[in-house]
Amino acid sequence: MSAVAIPGDPPGGRRALAVWGTGVSVYFVAVIFRTSLGVAGLDAADRFHVNASALSTFSILQLLVYAGMQIPVGLLVDRLGTKKVLALGAVLFTAGQLGFAFSPTYGTALASRALLGCGDALTFISVLRLGSRWFPARRGPMVAQFAGLVGMAGNLVSTLVLARLLHGIGWTTAFAGSAAAGAVVLVLVLLFLKDHPEGHEPEPLPHQGAAYVRRQIAASWREPGTRLGLWVHFTTQFPAMVFLLLWGLPFLVEAQGLSRAVAGELLTLVVLSNMVVGLVYGQIVARHHGARLPLALGTVGTTAALWAATLAYPGPHAPMWLLIVLCTVLGACGPASMIGFDFARPANPPERQGTASGITNMGGFVASMTTLFAIGVLLDATGDDYSLAFSVVFVLQAAGVSQILRLRRQAARRERERLVASRVETVHVPA
């Protein structure tokens, strides 16, 4: 009988959990700051005297910076390691949150959200890389889902805690006080985070300038698994992201006639559902690799069906039971988007993991940014017709599904080729 030894596979264990926990705490705070506008959208419109299109610009600019940073961040993580990149991210998003707290005008507030988006962009790819350096490869799907779970916990904090602080102690105190969490995680990173366990140092990457960078990006993009991962992320993430980041609260209050308190409870339901579904999806994907695409496409189809039922409901407002089901299913969008990384990760060698993850992570944020903008424009153009404005969701879902179906066979063929090659190279040690 023989055992398979995977050279360089990290051991995991308690030390890995402690180090990874330090890194993921940065992502946790970044998500609190990222989603803080979701509970403050109506307040921001009053504070800065802006319409729906201008309000959506806050989130669009933040996501534009985030998406545009993903490939540079992947390259930075590959070259500099996670500690330096996470520390820089904490500095930037904390400065952005502070700036947003004290912004006297719409323009300075926009600049602050852009700075926040830049810092936020440095976190998730770093956390994924940290997990791949400290945990065995077989734990990859669960580690990625747990990272998403922690991010949703950050969303829960902004939905429950920050919303109450905002209406209790006011705009400036609430946002400035929350910025203290950024300083705390920065100290934790500087004191306790380590890029990799002893004896598992990666091969140093030689500095080869712009040509090397182009080769890294091109090599990652040539892999069908990377492109499939991007489109899975694109198609699955954005319905919940748009709902939580900005338009969920206005939709529930203005279009569905709910109070802010009840709308906040439904936003919380999206987050709680995300956390539960993330655990389930992570277990399924870790045990049944072939379930990745059915889970992703099933989530897209169910989400589309429930949005259609909600927007087309014949009465003036959709019934509460339908809104509850919609919000519960929206909670599956985040975990489904994590499946995109499970296509990109095995398609690329360790030295391209950051770059490939960055490409994948662009997908959902580009879709979210596009949808946020389109909804804002359509609301202004139609006199706040939410049913028409939210129909843009179906257009992006259709575009994404068509690309997934186009790339799935190419990615599966390449995966089989890599599996055959790895079996040839596997080292068998006699038991």
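Residues numbered from 1 in each chain as written. Predicted model: local features only at pLDDT ≥ 70, side-chain atom pairs only at ≥ 80, totals over all residues. Heavy atoms only, no water.

Caption draft 1: Structural view of the overall build of the chain. Within the chain one finds 18 helices and 2 strands. Taken over the C-alpha trace, the chain has a radius of gyration of 21 Å; the compact-globule value for 431 residues is 22 Å, and the two agree within 12%. Expressed along its principal axes, the backbone C-alpha trace of the chain runs to roughly 70 × 45 × 40 Å. For the chain, the residues scored as buried account for 55% of the 431 residues in total. Sequence separation of at least 24 residues holds for 85% of the intrachain contacts in the chain that already meet a minimum separation of 6. Surface exposure of the chain reaches about 17,300 Å², of which carbon and sulfur atoms provide 67%. (Helix = DSSP H or I, 4+ residues; strand = E, 2+ residues; numbered from the N terminus. Rg over C-alpha atoms; globule rule 2.2 N^0.38 Å. Buried < 20%, exposed > 50% of the residue type's maximum accessible area, 1.4 Å probe, protein only. Contact = heavy atoms within 4.5 Å. Areas by Shrake-Rupley, 256 points an atom, 1.4 Å probe, with all protein chains shown as cover.)

Caption draft 2: Highlighting the pattern of salt bridges. Within this structure, the stated rule accounts for 4 salt bridges. Among the salt bridges present, the one from Arg34 reaches Asp120, with a minimum N-O distance of 2.6 Å. Linking Arg34 in helix 1 (residues 14–35) with Asp120 in helix 5 (residues 106–121), this pair joins segments that are 86 residues apart in sequence. No difference in accessibility class separates Arg34 from Asp120, as the two residues are buried. (Salt bridge = Lys/Arg side-chain N within 4 Å of Asp/Glu carboxyl O.)

Caption draft 3: Structural view of a nonpolar patch on the surface. A surface patch of nonpolar side chains, amounting to about 300 Å² of accessible area, comprises Leu160, Val161, Leu165 and Ile169. Here Leu165 falls in the partly exposed class, since its relative accessible area comes to 34%. (Patch = residues over 30% accessible without salt bridge, like charges linked within 9 Å, V, L, I, M, F, W, Y side chains within 5 Å.)

Caption draft 4: Structural view of the packing of helix 1 against helix 9 (residues 180–192). Interaxial distance between helix 1 and helix 9 falls to 9 Å at its minimum, and their mutual angle equals 160 degrees. The orientation of helix 1 with respect to helix 9, classified from their angle, is roughly antiparallel. The two elements helix 1 and helix 9 cross, and the hand of that crossing is left-handed. Side by side, helix 1 and helix 9 meet where Val19, Thr22, Ser25, Val26, Val29 and Phe33 of the first sit next to Ala181, Gly182, Val185, Leu188, Val189 and Phe192 of the second. (Axes fitted to C-alpha atoms, helices over the stretch in contact; angles between N-to-C directions. Parallel < 35°, antiparallel > 145°, perpendicular 65-115°, else oblique. Left-handed = near helix turned anticlockwise from the far one by under 90°.)

Caption draft 5: Looking closely at the confidence of the model for the chain. Averaged over every residue, the pLDDT of the chain is 85; the share at 70 or more is 92%. Per-element averaging of pLDDT across the chain places strand 1 (residues 2–5) at the bottom with 36 and helix 14 (residues 320–330) at the top with 97. Note on residues 427–431: pLDDT under 50 across the span, and 11 contacts to partners over four residues away in sequence or across chains. (pLDDT = per-residue confidence, 0-100.)

Caption draft 6: Examining a negative patch on the surface more closely. A cluster of acidic residues, Glu254, Asp380, Asp384 and Asp385, forms a negative patch at the surface. With respect to the element layout, Asp380 can be found in helix 16 (residues 353–382). Given a relative accessible area of 34%, Asp380 falls into the partly exposed group. (Lys, Arg positive; Asp, Glu negative; His and termini not counted. Charge placed at Lys NZ, Arg CZ, Asp CG, Glu CD.)

Caption draft 7: Geometry of the state of the cysteines. If you walk through the whole model with that rule in mind, you get 0 disulfides. Cys333 carries a free sulfur, and the closest cysteine sulfur to it, the one in Cys327, is 11 Å from it. Note on Cys333: relative accessible area 1%, which makes it buried. (Disulfide = S-S within 2.5 Å.)

Caption draft 8: Layout of helix 3 (residues 52–80). Its 29 residues place the ends of helix 3 40 Å apart at the C-alpha level, agreeing with the 42 Å of an ideal helix rising 1.5 Å per residue. Maximum bend of helix 3: about 45 degrees, positioned at Gln70, with proline Pro72 one to four residues after it. One side-chain oxygen at the N-terminal end of helix 3 lies 2.9 Å from the backbone nitrogen of Ala54; it belongs to Asn51. Positive phi shows up at Gly81, right after helix 3, with a value of about 90 degrees. (Expected span 1.5 Å × (residues − 1). Bend = angle between axes of the 7 residues up to and from the residue. Polar contact = N/O pair within 3.5 Å; in protein donor to acceptor, adjacent residues only side chain to side chain.)

Caption draft 9: Region of interest: the packing of helix 11 (residues 224–255) against helix 15 (residues 333–344). Closest axis-to-axis distance for the helix 11/helix 15 pair is 7 Å, and the angle between their directions is 175 degrees. Regarding the angle of helix 11 to helix 15, the classification is roughly antiparallel. Contacts between helix 11 and helix 15 involve Gly225, Thr226, Leu228, Gly229, Val232, His233, Thr236, Gln237, Pro239 and Ala240 on the former and, on the latter, Cys333, Ala336, Ser337, Ile339, Gly340, Phe341, Phe343 and Ala344.

Caption draft 10: Structural detail: the packing of aromatic side chains. Across all of its chains, the model carries 21 aromatic pairs by this definition. Taking 5.0 Å as the distance between ring centres and 45 degrees as the angle between the ring planes, the aromatic pair formed by Tyr27 and Phe124 counts as tilted. Remark: Phe124 occurs in helix 6 (residues 124–134) and Tyr27 occurs in helix 1; sequence separation between them is 97 residues. Judged by centre distance (5.2 Å) and plane angle (90 degrees), the ring pair of Phe100 and Phe175 falls under edge-to-face. Placement of the pair is Phe100 in helix 4 (residues 82–102) and Phe175 in helix 8 (residues 171–178), with a sequence separation of 75 residues. With respect to class, Phe100 is no different from Phe175; both count as buried. Each member of the aromatic cluster is reached from another via a ring pair, and the members are Phe48, Phe58, Phe100, Tyr106, Trp171 and Phe175. One cation-aromatic arrangement involves Arg113 over Phe100; the distance from NZ or CZ to the ring centre is 4.7 Å. (Phe/Tyr/Trp six-rings, centres within 6.5 Å; stacked < 30°, edge-to-face > 60°. Lys NZ or Arg CZ within 6 Å of the ring centre and 35° of its normal.)

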